[in-house]
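These are the residues of each chain, in order.
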Amino acid sequence: MTAVLIPVKPLAAGKSRLAPVLSPADRQALVLAMLDDLLRALARTGLRAPVRVIGSDGAVRNCAARHGAAFVPEPDPQGYNAAVRRGLAPCPDGPVAVFPADLPLASPDELAAFLTPPDPGQRLVRLASDSRRAGTNGLYLSAPGLVAPCFGQNSFEAHRIGARRAGAKVEIVPAPGLARDIDRPEDLRALSELAIGATRALMAAPGVAWAPDAPDRGADQPGRLALSEKASGSHGLSGQAYMPPGAGVRIECGVAARYLERALGVHGIRVSQKDL
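Residues numbered from 1 in each chain as written. Predicted model: local features only at pLDDT ≥ 70, side-chain atom pairs only at ≥ 80, totals over all residues. Heavy atoms only, no water.

**A look at the overall build of the chain**
For the chain, the count of helices and strands is nine helices and 10 strands. Considering only contacts in the chain between residues 6 or more positions apart, those separated by 24 or more positions represent 65%. Surface exposure of the chain reaches about 14,000 Å², of which carbon and sulfur atoms provide 51%. (Helix = DSSP H or I, 4+ residues; strand = E, 2+ residues; numbered from the N terminus. Contact = heavy atoms within 4.5 Å. Areas by Shrake-Rupley, 256 points an atom, 1.4 Å probe, with all protein chains shown as cover.)

**Description of helix 3 (residues 80–88)**
Where burial is concerned, most of helix 3 is hidden: seven out of the nine residues are buried. If you check which residues of helix 3 are buried, you get Tyr-80, Asn-81, Ala-82, Ala-83, Val-84, Gly-87 and Leu-88. Lining the buried residues of helix 3 we find strand 1 (3–7), strand 2 (51–55) and strand 4 (96–98). (Buried < 20%, exposed > 50% of the residue type's maximum accessible area, 1.4 Å probe, protein only.)

**Comments concerning the environment of Leu-42**
For Leu-42, the location among the structural elements is in helix 1 (residues 24–43). Separated by 73 residues in sequence, Leu-42 and Leu-115 place their C-alpha atoms 9.9 Å apart. Contact partners of Leu-42, with chain neighbours within four places excluded, come to Val-4, Ile-6, Val-51, Phe-99, Leu-111 and Leu-115.

**As for the packing of aromatic side chains**
Tallied over the full model, the rule gives three aromatic pairs. With centroids separated by 5.4 Å and ring planes inclined at 55°, the aromatic side chains of Phe-99 and Phe-114 adopt a geometry described as tilted. Of the two residues, Phe-99 is situated in the loop between strand 4 and helix 4 (108–114) and Phe-114 in helix 4; the sequence distance between them amounts to 15 residues. Here Phe-99 matches Phe-114 in class, with each residue buried. Here Phe-114 and Tyr-140 contribute two aromatic rings whose centre-to-centre distance is 6.3 Å and whose plane-to-plane angle is 80°, an arrangement assigned as edge-to-face. Here Tyr-140 lies in strand 6 (residues 136–141) and Phe-114 lies in helix 4, a separation of 26 residues in the sequence. Feature note: the residues Phe-99, Phe-114 and Tyr-140 constitute an aromatic cluster, connected by ring pairs. (Phe/Tyr/Trp six-rings, centres within 6.5 Å; stacked < 30°, edge-to-face > 60°.)

**Concerning the confidence of the model for the chain**
With 76% of its residues at a pLDDT of 70 or more, the chain shows a mean pLDDT of 81. Looking over the chain, one finds the lowest element-wise mean pLDDT in strand 9 (residues 237–242), namely 34, and the highest in helix 2 (residues 58–66), namely 98. Every residue in residues 214–268 is under pLDDT 50, and counting partners more than four places away or in other chains gives 91 contacts. Below a pLDDT of 50 lies the segment residues 271–276, which in the model reaches seven contacts outside its immediate sequence neighbourhood of four places, other chains included. (pLDDT = per-residue confidence, 0-100.)

**A look at the environment of Arg-61**
Inspection of the secondary structure puts Arg-61 in helix 2. Taking relative accessible area as the criterion, Arg-61 reaches 41% and is therefore assigned partly exposed. The spacing of Arg-61 and Val-72 is 11 residues in sequence and 8.4 Å in space, taken between C-alpha atoms.

**Section: helix 5 (residues 155–165)**
Three or more residues of helix 5 are buried, namely Ser-155, Phe-156, His-159, Gly-162 and Ala-163. The arc that holds the buried residues of helix 5, viewed along the axis, is 125°, so those residues lie on one side. Buried residues along helix 5 sit against strand 5 (124–129), strand 6 and strand 7 (169–172). Taken from the residues just after helix 5, Gly-167 is the one with a positive phi, measuring 70°. (Arc of directions from axis to C-beta.)

**Considerations on unusual backbone geometry**
Its identity is not glycine, yet Lys-15 carries a phi of approximately 55°, on the positive side. In this fold, Lys-15 is placed in the loop between strand 1 and helix 1. Judged by relative accessible area, Lys-15 falls into the buried class, the value being 16%. Even without a glycine there, the phi angle at Asn-154 is positive, about 55°. Mapping Asn-154 onto the fold places it in the loop between strand 6 and helix 5.

**Quick notes on the pattern of salt bridges**
Per the stated rule, a full pass over the model turns up nine salt bridges. Of the charged contacts, one joins Arg-66 and Asp-36 as a salt bridge, the two residues approaching to 3.6 Å between their closest N and O atoms. With Arg-66 in helix 2 and Asp-36 in helix 1, this residue pair connects regions lying 30 residues apart in the sequence. Since its relative accessible area comes to 59%, Arg-66 is described here as exposed. Accessibility expressed as a relative area gives 7% for Asp-36, which makes it buried. Glu-157 serves as the salt-bridge partner of Arg-160, at 2.9 Å between the closest nitrogen and oxygen. (Salt bridge = Lys/Arg side-chain N within 4 Å of Asp/Glu carboxyl O.)

**Some details on the sheet that holds strand 5**
Pairing is mixed in the open sheet, where seven strands are placed in the order 3-2-1-4-6-5-7. Looking at the sheet topology across the chains shown, the edges are occupied by strand 3 (70–73) and strand 7. Going from strand to strand, the sheet's axes swing by 20° on average, the running direction of each strand aside. Bridge count for strand 4 against strand 6 is three bridges, and the pairing is antiparallel. The partner of Val-96 across the bridge, within strand 6, is Leu-141. Helix-sheet contacts for helix 1 involve strand 1 and strand 2, and the interaxial angle to strand 1 is about 175°. (Pairing = 2+ DSSP bridges. Axes fitted to C-alpha atoms, helices over the stretch in contact; angles between N-to-C directions.)

Laid out in structure tokens, this is it:
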């Protein structure tokens, strides 16, 4: 039987790339909702696979307990790969799979197919990539020590290289639900349309704008663009801009509308007369 590991970063540090559009509290709530949906999908595979959730937060422990998953405490988090190694330590010699917690769209059928045991004696590394084919959203090892965990930048290729070096067969699993992790503001739009379960309930609740073009909830103030005419009186523009993804933009200038429109157009920003 395949054991399943789900490392969860400390909630206070999780989903930092969503900070431009979500507050810290909203990001933490999202992580817990996505974990809930993943655990629910795993339970519906019918495989009765033992699941271990590795984390350092009481809320994560409680979520694991609601679904009958074991909780592996991480009192001093040392990074994602260290969490994976902590989860692997008590595993027997049988197969093991690692999934990140942010896979709320993974279906029971996809998970069951990914967790199918290999032929006896086969050295197998099974991989599911993210939608950019850069990260690893599913890592299956026919034996716990077959390949060292290499989660992080370009981990998909790193795991493939590790498998080849170990003399293991590499199996790539195309699974749309596993490919859809939630890391960037643009991922939230698709999630808002496709989410089910706890994630859907969270995103349907009033009070939070989950679309990536929502006002910036992670910064102290909206994006700011300041432009001015050069002192020479020419029509050149100078200034500074800070516009994190999803932030609102406040325009302050005294230049003619057509020059502002042209300047912003260079950066792909369309401006209407109403905006000016």
